[in-house]
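Below are the chains, spelled out letter by letter.
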Amino acid sequence: MRTLPLPLTLTARLLPVALLAITGWAWTSGPGASPAGHTESPSGGGATPSASATAVAVQTHRKPPEPCDSISDKTLKSLVPGAKTAGKELASTDKSVRRTCSWNALKGYDYRWLDVTFEIKDNDAAAEKAYKDRIAEKSGGGAVPGLGDTAYSVVNLTTEDKQETREGVVIARASNALVIVTYNGSDFETKKAPSTDEINKGAIKAAKEAVAALEDGQ
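In this report, the structure presented in the accompanying data block is examined. Everything quoted here is computed from the prediction, not taken from an experiment. (Residues numbered from 1 in each chain as written. Predicted model: local features only at pLDDT ≥ 70, side-chain atom pairs only at ≥ 80, totals over all residues. Heavy atoms only, no water.)

1. Looking at the overall build of the chain
Of regular secondary structure, the chain possesses 5 helices and 7 strands. The helix and strand sequence of the chain, counted from the amino end, reads α-α-α-β-β-β-α-β-β-β-β-α. Approximately 13600 Å² of the chain is accessible, and the part contributed by carbon and sulfur atoms is 56%. (Helix = DSSP H or I, 4+ residues; strand = E, 2+ residues; numbered from the N terminus. Areas by Shrake-Rupley, 256 points an atom, 1.4 Å probe, with all protein chains shown as cover.)

2. Examining the side chain of Arg166
Along the chain, the position of Arg166 falls in strand β6 (residues 163-174). No salt bridge is formed by the buried Arg166, whose closest oppositely charged neighbour, Glu164, lies at an N-O distance of 5.2 Å. Ignoring anything within four residues of it in the chain, the contact list for Arg166 reads Val155, Asn156, Leu157, Tyr183, Asn184, Gly185, Ala193, Pro194, Ser195, Thr196 and Ile199. (Buried < 20%, exposed > 50% of the residue type's maximum accessible area, 1.4 Å probe, protein only. Lys, Arg positive; Asp, Glu negative; His and termini not counted. Salt bridge = Lys/Arg side-chain N within 4 Å of Asp/Glu carboxyl O. Contact = heavy atoms within 4.5 Å.)

3. Comments concerning the pairing of strand β3 (residues 110-120)
Within β3, 8 of the 11 residues are buried, which leaves it mostly tucked inside the rest of the structure. Taken together, the 10 bridges between strand β2 (residues 98-107) and β3 define a ladder with antiparallel strand orientation. Counterpart to Arg98 in the pairing with β3 is Glu119. Joining the antiparallel neighbours β2 and β3 is a turn of 2 residues, in which Gly108 adopts a positive phi near 70°. Note: β3 against strand β7 (residues 177-187), 11 bridges, orientation antiparallel. Note on β7: the bridge partner recorded for Tyr111 is Ser186. (Pairing = 2+ DSSP bridges.)

4. What to know about a nonpolar patch on the surface
Together, Leu106, Tyr109 and Phe188 make up an exposed nonpolar region whose accessible area comes to about 320 Å². For Tyr109, the location among the structural elements is in the loop between β2 and β3. (Patch = residues over 30% accessible without salt bridge, like charges linked within 9 Å, V, L, I, M, F, W, Y side chains within 5 Å.)

5. Brief notes about the state of the cysteines
The full count for this structure, using the stated rule, is 1 disulfide. A sulfur-sulfur distance of 2.0 Å marks the disulfide that ties Cys68 to Cys101. Residues Cys68 and Cys101 are joined by a disulfide whose S-S torsion is about 100°; by sign, that bridge is right-handed. Taken together, the positions of Cys68 in the loop between α2 (51-57) and α3 (73-79) and Cys101 in strand β2 put the pair 33 residues apart, joining distant regions of the chain. Exposure class is identical for Cys68 and Cys101. Each is buried. (Disulfide = S-S within 2.5 Å.)

6. Points about unusual backbone geometry
Glycine aside, the phi torsion of most residues is negative, and most peptide linkages are trans. Even without being glycine, Asp161 reaches a positive phi, approximately 50°. On the secondary structure map, Asp161 appears in the loop between β5 (150-160) and β6. Positive phi, close to 55°, is recorded for Ser175, a residue that is not glycine. Judged by its relative accessible area of 16%, Ser175 falls in the buried class.

7. Regarding helix α5 (residues 196-216)
The end-to-end C-alpha distance of α5 is 30 Å, a good match for the 30 Å that 21 residues give at a rise of 1.5 Å each. Taken together, the buried positions of α5 are Ile199, Gly202, Ala203, Ile204, Ala206, Ala207, Ala210, Val211, Ala213 and Leu214. Check the buried side of α5 and you find it contacts α3, β3, β5, β6 and β7. (Expected span 1.5 Å × (residues − 1).)

What follows is the structure, encoded as structure tokens:
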């Protein structure tokens, strides 16, 4: 719809009012001051980014660390006796967002396996959602205090053809990254698995070193 011009008489009446308003504002406003009720953008007139847009842009960890360098040789020798400390990095479709290293060995009849995985998410909120989804799939565990922003540990026992295997999983979130450690063991002579305490402590020890490696490389 086309806006019609104001009648000349009405325009003449409004003009002094407008001039007074402008003059009054100039008297009451110092250099750089803004009219009441108006807040200027700190960027000089540009739109202020929304909180959600800012959150998306924040990415503490931009890429995973070298996974096979994340665990010390001393820890590897104690958790996976007989394994090559160099480890083996598993294939990944995108190493900028996910990397995994694996160590395993059979010493005598004792078998041990350790995996360390790093996953990088777009932001903290995405990492928090992925963390919650993962721990929902692995019930029966508990929180691990002092590890990353939040961490969870669970140990399960499986038996196949009378052979026991005990596996511990630790999932930790540090800002926008997840660290997942899997540690398991079996004894092929006795058919028994290592104790829950041994597997749980081993997985947590590896997870602490992996989180430290992540934070050192941020």
